[in-house]
Every structure is written in C-alpha cells, then in structure tokens.
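# Geometric and topological summary
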Amino acid sequence: MKKLLLGLLPILALASCAKVPSYDIKVKLEGQPTAKMAYLQKLDNQDFITVDSAAIKDYKVEFKGKVDVPDLYFIRIGQGQAIQLFVENAKINVKVNLDSLDKVEVKGSATQDLFIKLNESMLPFRGQMEKLYKKADSLKMANAITPAVEKNLDIEYDSIQNQQQKFLTDFVANNKNSVVSAFVTYRILSHSLEFSKLEKITASFDSSLAKSPYVIKLKEMVELLRKTAVGQPYLDFTLPDPNGKDLSLSSLIDGKTVVMVDFWASWCSPCRQENPNVVAMYKELKGKGFQILGVSLDKQKENWVKAIKDDGITYPQVSDLKFWSCAAAKLYSVSSIPHTVLIGKDGKIAATDLRGDELKAKVIELLK
C-alpha cells in the first residue's frame, strides 16, 4: 500500500531534433487567451527562469533562438500552466488548446516521433497503475486493508514497476544515440536502477551526446553514487538539530552500533506514511545496538518541528532547511524521499533505500 503513494510514472515531455542552426518555435493557440504575453522558461532547481518572451498576436506566438544542446523548456501563456517541451535547433510547431492543456500537440523531427511513440507505448503501464490505485482506494474505503492485502498490493505494484523498468531499459539500449534515452535515464531510470546498471547505461551513450545536460548530470550522479554504493565507507556530515546544535553522523558511529540515516520531510506524504514503521522499529531495537539519524529536507523549521512531535519521533534529527539543496542529501545523491542508508558496525554502507519489513529484516541481520 505504501508503495502506491509514490505516484504514477511520469508522462515524458516531447521533443524535436532536426539539425538546423537555430530553433523556431511557432505556437498556435485555440480557445480564448486572456493573456497578452507568452514566456519561454527553464527550470533552475525549483524556480522557473524566463529566457525569452513574446507578444501573442492573432492567437499565435513565436520564439526564435539557438541552443548548444537539447534541453527541457516550458512555454507559459501569461501566468497560466506551463507547457513542457524539449527545445533544440529545429522547427517546432506547437498547437495549444487553452481549455485542455493536457492535449498539447507538438510536431517536429524524427526524434519528436520517437518521443511520441515512447509515450504511447507507456500508456498501458500508466493504465495498470491507475487501476491498482483505484483498487487500493476501494479496499481502504471498505476498511479491508490487512497485512496480507497490503503485501499483495505491493507485489502488484512491484510487478508493474519492473515491467516499466525493463521496457525503458530496452528502449535506451536500442537508442543509445538519442537524447531521448539520456532524458529517460536521468528523469526516470536513475531513481530506480541499481548502481552497477546505471553506471553501465551511462557509459553506453553515443559520443554525440557527450554535451547533453542529461548525460553530464548522469555522469556526475554516477560518481557520487560510486562513493555511497553498498560496501563503501560512510561519508560524514554535520548539520544542526532543532535546537541549533551541530550534530555529526560520525558521533553515532562507534564500531558497535548499526546506524540508519533516514532522509525525509514534513511535506512528503510517503515519508509521513512510513514514519510510524520507523518509529516502532526504533522503539523495539534502540537498546540492541541500533540508532537512527533523521535528515529532513524541510524549508520551514516550524513544519519540521511539528512533524517530529506529531509523528512521535524520538531519535536524533538534523536539517539545514535547504530543501533539495540539503548538504547531506547531495552528499548521498538523494533524488527521492523517503530514502534510507544503513551503516553497519564496520562503518560501511550495508544497504540503501529499504523500507517496511525489508528494512527491519536487514537491520536485524546487521545487528547479529
């Protein structure tokens, strides 16, 4: 059940990749535009940065320019919802119905067609996920969620996820020279693949993609993950606790204790759903050589402190209140939460990203 809270597989952005010296994005609007301006934007961390703007004339707007490599951009009509698409040096035609932004039409080159084909091929997986969500909601409404039912739901979820992952890894393997593959690997596969598989895929991309921002980010990610892979010594960090006192991970490592670093946040629903399991496990095992250090990716201290109290958390907590820019999260290449790192008594990373029964079983194994 808890795995179902992670969300649906993202629908990919669409792109075009014709080899022309500049891009020419022509947008045709349908419906009744209330805005007079449109904006071409990029996402920088969590902020939208406007790189160009143009007036809307006769239900049309056009952006021209040049990019060194393809990248994800957003078209925003006035202050409305953003439309995402890859911008590269190509002629790109976008048809927008302002009353139904989920039905945007983007036409371009052969790379564009590849994106469309990929999206269409992934729709059945999304359909399976939606059915599973409805099934879980119905069972929850009927108060019929038992441990056995929850386990079966998790099995179904894992099955769909595994099918999706295989489909995407096969797609990437068959399209090593396409920016589509780099995008898919960075945006989706990097969050679920084992380190060795991610490393292999990243190294397999065609040299023509060397300057792609997605390939560059993947290589950076692989290098960071290499340092925090299972079997590597833990990486120390120091962050303030809720009272403002600095606390180091190393202060909990003593050669006798299994330590879990728990990355979470008050705003993260799956994290809050998992917290009762972690709290119960800590209560049971804390006197047997087990310790937890919670690292929050919160932005507001009051929200963080309230969540600690509301969830009954008694193990040490730290945060620099920098959201996804949290120093410890960057150090351990955390791309989604909740995320756990188990450190054995020998000071080496023993497991990552475990939850629920799997997490507890591994902790007990390490304690032995």
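As a further point, take the overall build of the protein chain. Within the protein chain, the secondary structure is distributed over nine helices and 15 strands. Taking 368 residues into account, the globule formula puts the C-alpha radius of gyration at 21 Å, and the protein chain, at 23 Å, falls close to it. Principal axes of the C-alpha set define a box for the protein chain whose edges measure 70 × 50 × 40 Å. Put simply, the protein chain has 368 residues, and 45% of those count as buried. Within the protein chain, contacts between residues separated by at least 24 positions form 66% of all contacts whose residues are at least 6 apart in sequence. Of the roughly 19,300 Å² of accessible surface on the protein chain, a fraction of 50% belongs to carbon and sulfur atoms. Charge centroids of the protein chain, computed over 51 positive and 44 negative side chains, lie 1 Å from each other.

Another point: the packing of helix H6 (residues 269-285) against helix H9 (residues 356-367). One can describe the packing of H6 onto H9 by two numbers: an axis separation of 10 Å at closest approach and a directional angle of 20°. One way to sum up the angle between H6 and H9 is to call them roughly parallel. Here the hand of the crossing between H6 and H9 comes out right-handed. Every residue of H9 that contacts H6 at Glu274, Met281, Glu284 and Leu285 is listed here: Gly356, Leu359, Lys360, Val363, Ile364 and Leu367. Looking at the contact of H6 with H9, its residues break down into six nonpolar, one polar and three charged.

Turning our attention to the environment of Lys66. Locating Lys66 in the fold gives a position in the loop between strand E4 (60-65) and strand E5 (71-77). The exposed category is assigned to Lys66, whose relative accessible area is 61%. Not counting residues up to four positions away in its chain, the partners in contact with Lys66 are Pro21, Ser22, Tyr23 and Asn89.

The mixed open sheet is built from four strands, whose spatial order is E4-E1-E7-E8. Since the sheet does not close on itself, it has two edges, and those belong to E4 and strand E8 (105-107), each with one partner. Strand-to-strand twist across the sheet, computed as the mean angle between neighbouring axes with direction ignored, equals 15°. Sheet topology places strand E1 (residues 23-30) next to strand E7 (residues 91-97); seven bridges connect them, and they run parallel. Bridge pairing in E7 places Leu29 opposite Val96.

Let us now look at the state of the cysteines. This structure, assessed with the given rule, holds one disulfide. Here Cys268 is linked by a disulfide to Cys271, with a sulfur-sulfur distance of 2.4 Å. As the torsion about the S-S bond is roughly 75°, the Cys268-Cys271 disulfide counts as right-handed. In this structure Cys326 is a free cysteine whose sulfur lies 13 Å from that of Cys271, the closest cysteine sulfur available.

Of note, Asp241 is situated in the loop between strand E9 (238-240) and strand E10 (246-248). For the buried Asp241, no salt bridge is present, and the opposite-charge side chain at shortest range is Lys245, 6.4 Å distant. When sequence neighbours within four positions are dropped, the list of residues in contact with Asp241 reads Trp304, Gln317 and Val318.

The next point concerns the pattern of salt bridges. For the structure shown, the criterion picks out eleven salt bridges. Salt-bridge contacts for Arg126 lead to Glu130; the nearest nitrogen and oxygen are separated by 3.4 Å. Taken as a pair, Arg126 and Glu130 lie in helix H1 (residues 110-141) at a separation of four residues, close to a single helical turn. You can call Arg126 partly exposed: its relative accessible area is 26%. Among the salt bridges present, the one from Asp170 reaches Lys166, with a minimum N-O distance of 2.9 Å. Highlighted residues: Asp170 and Lys166, both in helix H2 (residues 147-174), separated by four residues, approximately one helical turn. Owing to a relative accessible area of 53%, Lys166 belongs among the exposed residues under this scheme. Through salt bridges that share partners, Glu199, Glu223 and Arg226 make up one connected network.

So, about the nonpolar core. Judged by nonpolar contacts, the single largest core of 46 residues is most densely connected at Phe237, Phe263, Phe290 and Val295. If we skip the residues at most four places from it in the chain, Val295 touches Phe237, Leu239, Val261, Asp262, Phe263, Trp264, Gln317, Val318, Cys326 and Ala328. Listed in part, the 29 residues of the second largest apolar core include Leu118, Leu168, Leu189 and Leu209.

In the predicted model, the protein chain carries a mean pLDDT of 88, and the fraction of residues at 70 or more is 93%. Across residues 4-11, where pLDDT falls below 50, the model places 28 contacts with residues more than four positions away in sequence or in other chains. Confidence drops under a pLDDT of 50 for residues 13-19, and excluding neighbours within four residues, the segment shows 35 contacts in the predicted structure.

Parameters and conventions
- Residues numbered from 1 in each chain as written.
- Predicted model: local features only at pLDDT ≥ 70, side-chain atom pairs only at ≥ 80, totals over all residues.
- Heavy atoms only, no water.
- Helix = DSSP H or I, 4+ residues; strand = E, 2+ residues; numbered from the N terminus.
- Rg over C-alpha atoms; globule rule 2.2 N^0.38 Å.
- Buried < 20%, exposed > 50% of the residue type's maximum accessible area, 1.4 Å probe, protein only.
- Contact = heavy atoms within 4.5 Å.
- Areas by Shrake-Rupley, 256 points an atom, 1.4 Å probe, with all protein chains shown as cover.
- Lys, Arg positive; Asp, Glu negative; His and termini not counted.
- Charge placed at Lys NZ, Arg CZ, Asp CG, Glu CD.
- Axes fitted to C-alpha atoms, helices over the stretch in contact; angles between N-to-C directions.
- Parallel < 35°, antiparallel > 145°, perpendicular 65-115°, else oblique.
- Left-handed = near helix turned anticlockwise from the far one by under 90°.
- Nonpolar A, V, L, I, M, F, W, Y, C, P; charged D, E, K, R; others polar.
- Pairing = 2+ DSSP bridges.
- Disulfide = S-S within 2.5 Å.
- Salt bridge = Lys/Arg side-chain N within 4 Å of Asp/Glu carboxyl O.
- Core = buried A, V, L, I, M, F, W, Y, C linked by side-chain atoms within 4.5 Å.
- pLDDT = per-residue confidence, 0-100.

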